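Structural characterization, general
Each chain, written out:
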Amino acid sequence: SGCPTCAEFMPIVDKYAKENNIKMYSVDLNDIWGSDNSVTTRIKYAPSMFIYKDGEVVNYLESANAEDYIYYKSVEKLSEWFNTNINISLFEKAE
């Protein structure tokens with residue numbers, strides 16, 4: 001990907017998912033840009049993280065939002081965001 005912030009954030013997301021034994025998926029915008037779907041219509045900045053439950057967005061982080069950007073910097077900060085905003089027990093467990 002041509003997004004330096006995305007490249008920094010993905011290892012944090014991967015580590016968080018592994019530590020919490022949950023499934024998380026990433027999408028490279030270059031692969032889907034121009035298509036009309038629920039992901040591309042919501043993305044304004046990269047990286048962005050959307051949390052879905054039953055096909056609906058229940059929360060999200062946008063890197064351009066100053067309040068959200070701190071959560072992109074470390075596993076500890078991302079964990080803090082999840083613990084405050086998301087019930088991870090609802091996530092599908094990794095196998």
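See the structure printed just above.
Read on for a plain summary of the structure.

Cut-offs and rules
- Residues numbered from 1 in each chain as written.
- Predicted model: local features only at pLDDT ≥ 70, side-chain atom pairs only at ≥ 80, totals over all residues.
- Heavy atoms only, no water.
- Core = buried A, V, L, I, M, F, W, Y, C linked by side-chain atoms within 4.5 Å.
- Buried < 20%, exposed > 50% of the residue type's maximum accessible area, 1.4 Å probe, protein only.
- Helix = DSSP H or I, 4+ residues; strand = E, 2+ residues; numbered from the N terminus.
- Contact = heavy atoms within 4.5 Å.
- Phe/Tyr/Trp six-rings, centres within 6.5 Å; stacked < 30°, edge-to-face > 60°.
- Arc of directions from axis to C-beta.

**Details of the nonpolar core**
Formed by 16 residues in total, the largest nonpolar core has its most connected members in F9, M49, L61, L78, W81 and F82. Counting only elements with at least two residues in this core, the list comes to α1 (4-19), β1 (48-53) and α4 (75-85). In terms of residue count, the dominant contributor to this core is α1 (5 residues). Excluding residues that lie within four positions of it along the chain, L78 makes contacts with F9, I12, V13, Y16, M49, L61 and Y71.

**Topic: the packing of aromatic side chains**
Counted under the stated rule, the structure contains 5 aromatic pairs. With centroids separated by 5.2 Å and ring planes inclined at 85 degrees, the aromatic side chains of W81 and F82 adopt a geometry described as edge-to-face. Members of the aromatic cluster, each reached through a chain of ring pairs, are F9, Y69 and Y72.

**Quick word on α4**
Within α4 the residues assigned to the buried category are V75, L78, W81 and F82. Projected down its long axis, α4 carries its buried residues within an arc of 125 degrees, all on one side. Opposite its buried face, α4 presents the exposed residues E76, N83 and T84, each directed more than 90 degrees away. Structurally, α4 contributes buried residues whose contacts are with α1, β1 and β2 (56-62).

Treat this as a map of the structure, not an account of what it does.
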